[in-house]
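# Commentary on secondary and tertiary structure
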Amino acid sequence: MTAKRKEISKNFRASPILASHHANLAPASIHVAGVDSLTSERIAYHEMLVKAGTKSELKVYDGVGHPFGRWDGELDKAKEFVQDTITVLKKAYSM
């Protein structure tokens, strides 16, 4: 790994879990594929937000892999993900 890449990989902008604090942030809605190499990191981030007092909602879509949201024409879990995302955005923008 190059020095530049190593520097970026430790930057909270590339990985928010590395931020020095997680309080007073905007509410989060975290949607996670159940079969993904990053599932545990996303759950840990949600837990860090909640522990810091930041509102965070977590939903794990069991049995699907990372790119499942793209298959909303075929997978029920992907259709559910799209609907959940629309609901969250409407709520965030008070629509």
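Residues numbered from 1 in each chain as written. Predicted model: local features only at pLDDT ≥ 70, side-chain atom pairs only at ≥ 80, totals over all residues. Heavy atoms only, no water.

### Let's talk about the pairing of strand β1 (residues 28–35)
Judged from the 7 bridges that link them, β1 and strand β2 (residues 56–65) form a sheet pairing that is parallel. Across the sheet, residue V35 finds its bridge partner in β2, namely G65. The parallel pair β1 and β2, bridged by helix α2 (residues 39–51), forms a crossover whose chirality is right-handed. (Pairing = 2+ DSSP bridges. Helix = DSSP H or I, 4+ residues; strand = E, 2+ residues; numbered from the N terminus. Right-handed = clockwise from strand over helix to strand, strands pointing away.)

### A short note on the environment of P27
Mapped onto the secondary structure, P27 falls in the loop between α1 (3–9) and β1. The exposed category is assigned to P27, whose relative accessible area is 63%. In this structure the C-alpha to C-alpha distance between P27 and T54, which are 27 residues apart in sequence, comes to 6.3 Å. (Buried < 20%, exposed > 50% of the residue type's maximum accessible area, 1.4 Å probe, protein only.)

### Here we look at the nonpolar core
If you look at the biggest cluster of nonpolar residues, it comprises 5 residues: A33, Y61, V64, F68 and A78. Excluding residues that lie within four positions of it along the chain, Y61 makes contacts with H31, V32, A33, G34, F68, K77, E80, F81 and D84. (Core = buried A, V, L, I, M, F, W, Y, C linked by side-chain atoms within 4.5 Å. Contact = heavy atoms within 4.5 Å.)

### Description of the packing of aromatic side chains
In the structure shown here, the tally under the stated rule is 3 aromatic pairs. Ring centres of Y61 and F68 lie 5.2 Å apart, and the angle between their planes is 40°; this geometry places the pair in the tilted category. Judged on exposure class, the residue Y61 and its partner F68 are both buried. Here Y61 and F81 contribute two aromatic rings whose centre-to-centre distance is 5.8 Å and whose plane-to-plane angle is 85°, an arrangement assigned as edge-to-face. (Phe/Tyr/Trp six-rings, centres within 6.5 Å; stacked < 30°, edge-to-face > 60°.)

### A short note on the pattern of salt bridges
Where charged atoms from two side chains of opposite charge come close, those side chains can pair. Taken as a whole and judged by the stated rule, the model has 4 salt bridges. For E57, the salt bridge goes to K91, with nearest N and O atoms at 3.4 Å. Of this pair, E57 sits in strand β2 while K91 sits in helix α3 (residues 76–92), and the two are 34 residues apart along the sequence. Between D84 and K59 there is a salt bridge; the shortest N-O distance is 2.8 Å. Separated by 25 residues along the polypeptide, D84 in helix α3 and K59 in strand β2 bring together distant segments of the chain. (Salt bridge = Lys/Arg side-chain N within 4 Å of Asp/Glu carboxyl O.)

### Observations regarding α3
Every α-helix winds through 3.6 residues per turn, so residues three or four apart in the chain are directed the same way. Counted at 1.5 Å a residue, the expected span for α3 with its 17 residues is 24 Å, and the 24 Å between its end C-alpha atoms agrees. Note on α3: the residue one or two positions beyond its end, S94, has a positive phi of about 50°. (Expected span 1.5 Å × (residues − 1).)

### Re unusual backbone geometry
For N24, which is not glycine, the phi torsion reads 60° and is therefore positive. By the element assignment, N24 lies in the loop between α1 and β1. Its relative accessible area of 79% is what places N24 among the exposed residues.

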